[in-house]
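Next come the chains, spelled out residue by residue.
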Amino acid sequence: MKWRAINQHRFYRKDCRDWLAKDAAISYHLAPPMLAWLKARDGSPRKIRFGRWLTPYLRGLARLSWLRDSWADPFGYATDRRAERAYRDTGH
């Protein structure tokens, strides 16, 4: 399943490259957990706009996906990840 998802992502990227111009404005709107103290007016996490420069870093994180749920997972000790693992391990 993982290999299939990777291949689908590659095809998606190729399709995007075909119809997007080279100088298209690409941006990512993320609410990083490290900046969770930034809140919107309604109390939800505030999303921050990141530019195209973030793409190589996101690719690097994607390449490290094999670390997930291991002792070396850099995000594995976050409160929400521990809660997610506990919920999953209870059989839900």
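This text goes with the structure placed above it.
Residues numbered from 1 in each chain as written. Predicted model: local features only at pLDDT ≥ 70, side-chain atom pairs only at ≥ 80, totals over all residues. Heavy atoms only, no water.

## Digging into the side chain of Arg 81
Short version of the rule: Strands here are runs of E lasting at least two residues and helices are runs of H or I lasting at least four, both read from the DSSP assignment and numbered beginning at the N terminus. The criterion used for residue contact is that any of the two residues' heavy atoms lie within 4.5 Å.
Structurally, Arg 81 can be placed in helix 3 (residues 79–89). Among residues more than four places away in sequence, those in contact with Arg 81 are Arg 68, Asp 69, Asp 73, Phe 75 and Gly 76.

## Quick look at the packing of aromatic side chains
Going by this rule: A pair of Phe, Tyr and Trp rings is counted when the ring centres sit within 6.5 Å of each other, with Trp represented by its six-membered ring. The angle between the planes then sorts it: under 30 degrees is stacked, over 60 is edge-to-face, the rest tilted.
Under the definition given, this model contains two aromatic pairs. When the centroid spacing of 6.0 Å and the interplanar angle of 75° are considered together, the rings of Phe 50 and Trp 53 count as edge-to-face. Seen from their ring centres, Trp 53 and Tyr 57 are 6.2 Å apart, and the 75° between their planes marks the pair as edge-to-face. Members of the aromatic cluster, each reached through a chain of ring pairs, are Phe 50, Trp 53 and Tyr 57.

## Things to note about the side chain of Asp 73
This is how it is decided: Under the scheme applied here, a residue whose accessible area is under 20% of the maximum for its type counts as buried, over 50% as exposed, and between as partly exposed, the area being computed with a 1.4 Å probe on protein chains only.
Looking at the element boundaries, Asp 73 is found in the loop between helix 2 (55–63) and helix 3. Take Asp 73: its relative accessible area is 7%, and that puts it in the buried class. Setting aside anything within four residues of it in sequence, one finds Asp 73 in contact with Leu 67, Arg 68 and Arg 81.

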